[in-house]
Structure formats: structure tokens, C-alpha cells
Amino acid sequence: MFTGMTFQTLDAKGRVTLSQKFRDELGESFYVTSGFNKDYRSVQIMSCEQFNRLITQIRALPAKTAFQLQYILISPATEVSANAQGRVQIPQALRESAKLTKDLVVLGMDTRVEVWDKEVYDAFMEKQMQESFDDALELLRL
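Residues numbered from 1 in each chain as written. Predicted model: local features only at pLDDT ≥ 70, side-chain atom pairs only at ≥ 80, totals over all residues. Heavy atoms only, no water.

### Description of the packing of helix H2 (residues 48–59) against helix H3 (residues 63–74)
Defined as follows: Note on geometry: axes are lines fitted to C-alpha atoms, helical ones only across the stretch in contact, with angles between N-to-C directions running from 0 to 180 degrees. In this description a helix means any DSSP run of H or I spanning at least four residues, a strand means any run of E spanning at least two, and both kinds are numbered starting from the N terminus. The cut-offs work like this: below 35 degrees is roughly parallel, past 145 is roughly antiparallel, 65 to 115 is roughly perpendicular, and the gaps in between are oblique. Between two residues, a contact is recorded if the distance between any of their heavy atoms is within 4.5 Å. We call Asp, Glu, Lys and Arg charged. Ala, Val, Leu, Ile, Met, Phe, Trp, Tyr, Cys and Pro are nonpolar, and the rest, Gly among them, are polar.
Contact pair H2 / H3: the axes reach a minimum separation of 10 Å and the direction vectors enclose 160°. Here H2 is positioned roughly antiparallel relative to H3, judged by the angle of their axes. The segment H2 lies against H3, with Phe51, Leu54, Ile55 and Ile58 engaging Ala66, Leu69, Gln70, Leu73 and Ile74. Looking at the contact of H2 with H3 residue by residue, the classes come out as eight nonpolar, one polar and no charged.

### Remarks on unusual backbone geometry
The cut-off we apply is this: The buried label applies to any residue whose accessible area, calculated with a 1.4 Å probe on protein chains only, is under 20% of its type's maximum; exposed applies above 50%, and partly exposed to all values in between.
Of note, the phi angle at Lys99 is positive, near 55°, even though the residue is not glycine. By the element assignment, Lys99 lies in the loop between helix H4 (92–97) and strand E7 (103–109). Looking at Lys99, the relative accessible area reads 56%, which means it is exposed. Of note in the backbone geometry, Asp110 takes a positive phi value of approximately 70° without being a glycine. Along the polypeptide, Asp110 turns up in the loop between E7 and strand E8 (112–117).

Take a look at the structure:
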């Protein structure tokens, strides 16, 4: 299970450093693809096992929905590995789609890791706190 948050910098070659903990959980190679949020874009990283699970789930959906998700999540996916310094190359198309600039937030999100541009993440979290937080706590009965 991925948990935790770090602040990282995107280097000139489009790489981001992942923590040793995340790299250990992801395995030697893993997938980078588009994030799940359509309004606040990010990049997600998942193990090969988790990515294959996602593909299986997409294939089980009605054809039209599966077709749409293949374009959004499967086609931009790239299998990558971390280099000796723990840096992972994020493909240019994904960097552009998620508007990744220099300052990044790397989040552990249960079955995946998300990489956000810090400004986009801050805006997303502000919206979450205003719109969803109280409702979510009510469902959890906290």
C-alpha cells in the first residue's frame, strides 16, 4: 500500500525522484500513465501487477466505455524503471497533459503513486476541502 507525500523537483530531462519505499513497492519496472482526474490532471505510477489489473477491469466494461478508457489510460502508458539515483522518466506527452512544471507533489494513493504539479495539486485540494471533505467524513462517521 502506497502512503505518504513528498515534494520533488522535475529535472531538465523530465525526471522525478521517487522514494526508496515507493520504488521497493513498485518493483524493478512499472507503468506511468495519465491520472484519473479529468479536471485536475496528474500522472499516475503503478506496478506492472496493478496496471494489468486495471487493463482487466477496463476489458470487462461495456465496449464504448472500455474503448474510451483505453485511449485515456492504456495508450499513453509507458513501462519505465528508476535509474540508480531513483529518478523516473515521465514521458513528455504525460508531462504536458498534467501540466508538470518544476515543483511537484508525489503522493502515495493506496494502489498507485500520483505525481502532480504543485500548483494544480494545491487548487485540487482547495476544491476538495470546500466541496467534499465534510461529506466524506460523514460517510466515515468520524
